[in-house]
Each structure stands twice: as structure tokens, then as C-alpha cells.
Amino acid sequence: MKKILLVDDSTSIRNILKGSLVHMYQVIEAADGKDALQLADKESADMVLLDVNMPIMDGISTLGHLKEHPHYKNVPIIMLTTETKDELRQEAKQKGAAGWIIKPCQPEKLLSVISQILQ
């Protein structure tokens, strides 16, 4: 079973997303970028779903650090955010993001994107 690292500071968002994913994927969770990087040292994942706006370390910074991590440099990372600013989207793309999904999103759309990227 493929493993997804889900990084979001909102417990309710993590719970909703995990509920949609857990039937098809193993899900590991982090509450912020710092947590995600600590988890990345211990566990590898096949994909990362990463929120942009988080305390301690934002998603764009976390993306940059994950792409430098030996276990994660080739792992697809999808930014999952309420942000619609094109500059942020471009910065994420430059740092290696595989996609940008605006929250809230339909679970079917998310699952479709994940399955396309993981194939």
C-alpha cells in the first residue's frame, strides 16, 4: 500500500483528508513543516500533501527542505491550500511541487489527482 505524508496545521482538515485517503493509502501526519521534516528523517512516503499556510514553517519552505532530503527529492509533493496567488504557485513549482490544489476540494478530485501522479 502506498504511503502519503499529510502535512496541515488544521486537525479537522487532516481528519477529513485522512478519511478520504485511508481506504486506499497508508497516511502519516504532521501538524507543520518542522514536524514534517522530523518525520521525513524517520519515514519515507510515496507522496506528500502539503499545506502552504502553517505556523513554525510554511509549506513553501517545507517543500524546499523536503526536495533537498535524500528520501524525498524524487517524491511528488502536492500543495493543498486556500491560497490563489500566482506568485506562490510559481514559487512552489520552481521548488519542485508536482501540483497545486485549492481547498476545499472534492475528495474524488483529490483521489483522482493522487492516483494519476502515483501511477
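Residues numbered from 1 in each chain as written. Predicted model: local features only at pLDDT ≥ 70, side-chain atom pairs only at ≥ 80, totals over all residues. Heavy atoms only, no water.

K.L.:
Run through unusual backbone geometry, naming residues and quoting values.
P.N.:
The step from K103 to P104 runs through a cis peptide bond, and the omega angle for that step is -10 degrees. Residue placement: P104 occurs in the loop between strand 5 (99-102) and helix 5 (107-118). Residues other than glycine seldom take positive phi values, yet I56 does so here, at roughly 70 degrees. Relative to the helices and strands, I56 resides in the loop between strand 3 (47-51) and helix 3 (59-68). (Helix = DSSP H or I, 4+ residues; strand = E, 2+ residues; numbered from the N terminus.)

K.L.:
I'd like to hear about the pattern of salt bridges, residue by residue, with values.
P.N.:
Tallied over the full model, the rule gives seven salt bridges. Two residues, E29 and R14, come together in a salt bridge whose shortest N-O distance is 3.0 Å. In this pair, E29 sits in strand 2 (residues 26-30) while R14 sits in helix 1 (residues 11-21), placing the two residues 15 residues apart along the sequence. For E29, a relative accessible area of 30% puts it in the partly exposed group. K85 serves as the salt-bridge partner of E83, at 3.9 Å between the closest nitrogen and oxygen. Taken together, the salt bridges that share partners define one network made up of D8, D51 and K103. (Salt bridge = Lys/Arg side-chain N within 4 Å of Asp/Glu carboxyl O. Buried < 20%, exposed > 50% of the residue type's maximum accessible area, 1.4 Å probe, protein only.)

K.L.:
So what's going on with the side chain of T62? Residues and values would help.
P.N.:
Structurally, T62 is set in helix 3. Those residues in contact with T62 that sit more than four places away from it in its chain are G33, A36, L37, L50, M54 and M57. (Contact = heavy atoms within 4.5 Å.)

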